[in-house]
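Chain residues, written in single-letter form:
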Amino acid sequence: DRTRAYYIDTSTRAISVFEVDDAGALQHRSDFHHVEGVSPDGLTVDSEGNVWVALNRAGIIRVLDPSGQIVQEYQLPVTGTTAVTLGGEDGKDVFVTVSRENDDSRGAGALWWMDGPVAGQPTLPFAG
């Protein structure tokens, strides 16, 4: 609903959430989710408000509900998951970018795809 904005601090393994006011200003930063042992990287938000986050060095896409609780995880056979987004014609295609850094396994450095259970957010037109 565009009233929240998420921020990942990869070095501290923390995801924060901000409230977004009517003018688009960020306010009231709070802890949303903390990851142990691996680094959260790129994220996206689906049409139900769930946050999908790539866990780099783990090969995991973690899905968090709007309160920050884990509701699903998807394990890839490579470790360098860097970003996740939802798209495609019905918005339910899950695309994951994967780094080759420190991973020589087959599929590292590729773009991964899978069917997702829920659509992503509607795309906003570029204002510039």
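All chains use their own residue numbering, which begins from 1 and follows the written sequence. Two thresholds apply to this predicted model, a pLDDT of at least 70 for residue-level local features and 80 or more for giving and counting side-chain atom pairs, whereas whole-chain, interface and lining totals are computed over all residues. To get the side-chain values, all heavy atoms of the structure are used, and hydrogens and water are removed first.

Attention shifts here to the sheet that holds strand β7 (residues 70–75). Working definition: the strands of a sheet are paired by backbone hydrogen bonds and lie parallel or antiparallel to each other. In space, the four strands of this open sheet follow the order β4-β5-β6-β7, with antiparallel pairing throughout. A strand with exactly one partner marks an edge of an open sheet, and here the two such strands are β4 (39–45) and β7. Across the sheet, the mean angle from the axis of one strand to that of its neighbour is 25°, orientation sign disregarded. Criterion used throughout: strands pair if DSSP finds at least two bridges between them. Going along the chain from the N terminus, every DSSP run of H or I of four or more residues is numbered as a helix, and every run of E of two or more is numbered as a strand. Inspection of the sheet shows β4 paired to strand β5 (residues 51–56) by five bridges, in the antiparallel sense. Residue pairing in the sheet places Leu43 in a bridge with Val53 of β5. A fitted line through C-alpha atoms represents every axis, and for helices the fit uses only the stretch in contact; the resulting angles, taken between N-to-C directions, go from 0 to 180 degrees.

What follows deals with the pattern of salt bridges. Any two side chains of opposite charge can pair, given that their charged atoms come close. Put simply, a salt bridge is a Lys or Arg side-chain nitrogen that is within 4 Å of an Asp or Glu carboxyl oxygen. Going through the model one piece at a time under the given rule, you end up with two salt bridges. The salt bridge involving Glu101 is made with Arg57; its shortest N-O contact spans 3.9 Å. Here the residue Glu101 occupies a position in the loop between β9 (93–98) and β10 (111–115), and Arg57 occupies one in the loop between β5 and β6 (60–64), the gap between them amounting to 44 residues.

This part takes up the environment of Gly88. Along the chain, Gly88 falls in the loop between β8 (81–87) and β9. Three labels apply to residues, based on accessible area from a 1.4 Å probe with only protein chains included: buried if under 20% of the type maximum, exposed if over 50%, partly exposed otherwise in between. Overall, the relative accessible area of 44% leaves Gly88 in the partly exposed class. Linking Gly88 and Leu26, residues 62 residues apart in sequence, is a C-alpha distance of 30 Å.

Let's shift gears to the sheet that holds strand β3 (residues 26–34). If you trace the three strands from one edge of the open sheet to the other, you get β1-β2-β3, paired in antiparallel fashion. What marks the edges here is a single partner per strand, and that holds for β1 (4–9) and β3. Within the sheet, the average angular offset between the axes of one strand and its neighbour, ignoring direction, is 25°. Strand direction decides the pairing type here: β1 and strand β2 (residues 14–20), joined by six bridges, are antiparallel. Looking across to β2, one finds that Tyr6 is bridged to Val17.

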